[in-house]
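Summary of the model geometry
This is what each chain is made of:
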Amino acid sequence: MDTGEERQQLIPVPDGGYFLASISLFKRFTVILFLALLLIGTLLGRVITTSLEDNMINRSKQITAHFIADHVKQGFEPGELRTPKFGADYGRFAVRMNSLTIGSDVERIKVWNSRMQVVWSDRQELIGREFADNADLRRALAGEIVSKVKVPNKSENFFETGLGRVLELYIPIMRNGALDAIFEVYLNLDTLYEDINIQKNTVWLWVLIAAITIFSLLAGIVGSASRRIDTQTAEILRSEERIRDLINSVKEGIISLNKAGKVVLFNKAAEQMFGY
């Protein structure tokens, strides 16, 4: 019998066709696809931009370290950087330090000897002091270029607290395989981060474009397939409805059973004939 269950699954439209209510499956697909692309795009963008930032900072570190080391070796004789510079020596040494072409982004310089003692600094108050708690300096004593993006906060950084974010570099000056001195410089990162942010914005733009393109393509393909399936299903249901109408219009009773003996078709005439 026609219980109307099939009709409850159909939505009439002006042209007489039907769309399946199950179209919500496509909506669920688009929501899941959007969330998946959002998650993947965010993770991918973070990985790329973090790697980009690290690479640009590391490149700046290497260029600055080698540039300063080369100029120091050219401007000072071996052994000149091993003893603290006081009095008149400080002034003469300051003139020579200022003559070094080490870049306008260098905010502050300290020179250390192998005893972790400040040999020279643009802050005269620090000269001659020792800072044995400086782990980065200890690594530099072993010949390693040490760098860190930071806001200066160590005990010897009292006079650098107003510099903001800097790239702190410990540059070992090596001569014939032996340590001559260590230059500690504070590199202003404003210009570098302007470039980094431009590159990051470019990456996020391409991630967004890629996500929109993938979403549009997949949603278009699935949406087209979903519409074809809905159209075909609606055609099948309309065909079944026409067959039911045809069978119900026959005045003779029609009953159909499957192999198990279960009634699968029962027209109106048979219903009147048997009373149910």
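Residues numbered from 1 in each chain as written. Predicted model: local features only at pLDDT ≥ 70, side-chain atom pairs only at ≥ 80, totals over all residues. Heavy atoms only, no water.

Points about the packing of aromatic side chains
- All told, the structure shown has five aromatic pairs when counted by the stated rule.
- Aromatic pair tyrosine 90 and tryptophan 120: ring centres 5.7 Å apart, planes at 20°, arrangement stacked. Of this pair, tyrosine 90 sits in helix α3 (residues 87–98) while tryptophan 120 sits in strand β4 (residues 118–121); the two residues are 30 residues apart in sequence, bridging distant segments of the chain. Each of the two residues, tyrosine 90 as well as tryptophan 120, counts as buried.
- Considering the side-chain rings of phenylalanine 93 and tryptophan 120, the 6.1 Å spacing of their centres and the 50° angle between planes classify their relative orientation as tilted. Here the residue phenylalanine 93 occupies a position in helix α3, and tryptophan 120 occupies one in strand β4, the gap between them amounting to 27 residues. Comparing phenylalanine 93 with tryptophan 120 shows no difference in burial state: the two are buried. (Phe/Tyr/Trp six-rings, centres within 6.5 Å; stacked < 30°, edge-to-face > 60°. Helix = DSSP H or I, 4+ residues; strand = E, 2+ residues; numbered from the N terminus. Buried < 20%, exposed > 50% of the residue type's maximum accessible area, 1.4 Å probe, protein only.)

Thoughts on unusual backbone geometry
- Although it is not a glycine, methionine 116 sits at a positive phi angle of roughly 60°.
- Structurally, methionine 116 is set in the loop between β3 (106–112) and β4.
- Using a relative accessible area of 7% as the deciding quantity, one classes methionine 116 as buried.
- Residues other than glycine seldom take positive phi values, yet asparagine 176 does so here, at roughly 55°.
- Within the element layout of this structure, asparagine 176 appears in the loop between β6 (166–175) and β7 (178–188).

Let's talk about α3
- Compared with an ideal rise of 1.5 Å per residue, which puts 12 residues at 16 Å, α3 spans 17 Å between its outermost C-alpha atoms and is within 8% of the ideal.
- Looking at α3, one finds that the buried residues are Tyr90, Phe93, Ala94 and Met97. On an axial view of α3, the arc spanned by its buried residues comes to 110°, and they lie on one face. For α3, exposure combined with an orientation more than 90 degrees from the buried face picks out Ala88, Arg92 and Val95. (Expected span 1.5 Å × (residues − 1). Arc of directions from axis to C-beta.)

Things to note about a negative patch on the surface
- A contiguous patch of negative charge on the surface is contributed by Asp105, Glu107, Asp190, Glu194 and Asp195.
- The element best represented in the negative patch is helix α5 (residues 190–249), accounting for three residues.
- Tracing the backbone shows glutamate 194 in helix α5. (Patch = residues over 30% accessible without salt bridge, like charges linked within 9 Å, V, L, I, M, F, W, Y side chains within 5 Å. Areas by Shrake-Rupley, 256 points an atom, 1.4 Å probe, with all protein chains shown as cover. Salt bridge = Lys/Arg side-chain N within 4 Å of Asp/Glu carboxyl O. Lys, Arg positive; Asp, Glu negative; His and termini not counted. Charge placed at Lys NZ, Arg CZ, Asp CG, Glu CD.)

Brief notes about the side chain of threonine 64
- Take threonine 64: it is sitting in helix α2 (residues 24–75).
- If we skip the residues at most four places from it in the chain, threonine 64 touches Leu169, Ile171 and Leu187. (Contact = heavy atoms within 4.5 Å.)

Description of the pattern of salt bridges
- Tallied over the entire structure, the rule returns 11 salt bridges.
- Close ionic contact of arginine 82 with aspartate 180 constitutes a salt bridge, the shortest N to O distance being 3.1 Å. With arginine 82 in the loop between α2 and α3 and aspartate 180 in strand β7, this pair connects stretches of sequence that are 98 residues apart.
- With a relative accessible area of 42%, arginine 82 lands in the partly exposed category.
- For arginine 238, the salt bridge is made with glutamate 235, and the minimal N-O distance between the two is 2.4 Å. Note that arginine 238 and glutamate 235 are positioned in helix α5 at a spacing of three residues, about one turn of the helix.
- Note on glutamate 235: relative accessible area 37%, which makes it partly exposed.

Topic: a nonpolar patch on the surface
- A contiguous nonpolar patch, built from Ile255, Leu257, Val263, Met273 and Phe274 and spanning about 480 Å² of accessible area, is present on the exposed surface.
- Among the elements of the structure, β8 (255–257) and α6 (268–274) are those that each provide at least two residues to the nonpolar patch.
- By the secondary structure assignment, isoleucine 255 is in strand β8.

Notes on the sheet that holds β4
- Spatially, β4-β3-β7-β6-β5 is the arrangement adopted by the five strands of the open sheet, whose pairing is antiparallel. The sheet is open, and its two edges are formed by β4 and β5 (146–150), each paired on a single side. Taken pair by pair, the neighbouring strands of this sheet meet at an average axis angle of 20°, ignoring direction.
- Pairing geometry for β6 and β7, over 10 bridges, is antiparallel. Looking at β7, one finds that glutamate 168 is bridged to tyrosine 186.
- Sitting on the sheet, α3 touches β3, β4 and β7, and the angle it makes with β4 is about 65°. (Pairing = 2+ DSSP bridges. Axes fitted to C-alpha atoms, helices over the stretch in contact; angles between N-to-C directions.)

Note that all results are geometric; they support no functional claim without further evidence.
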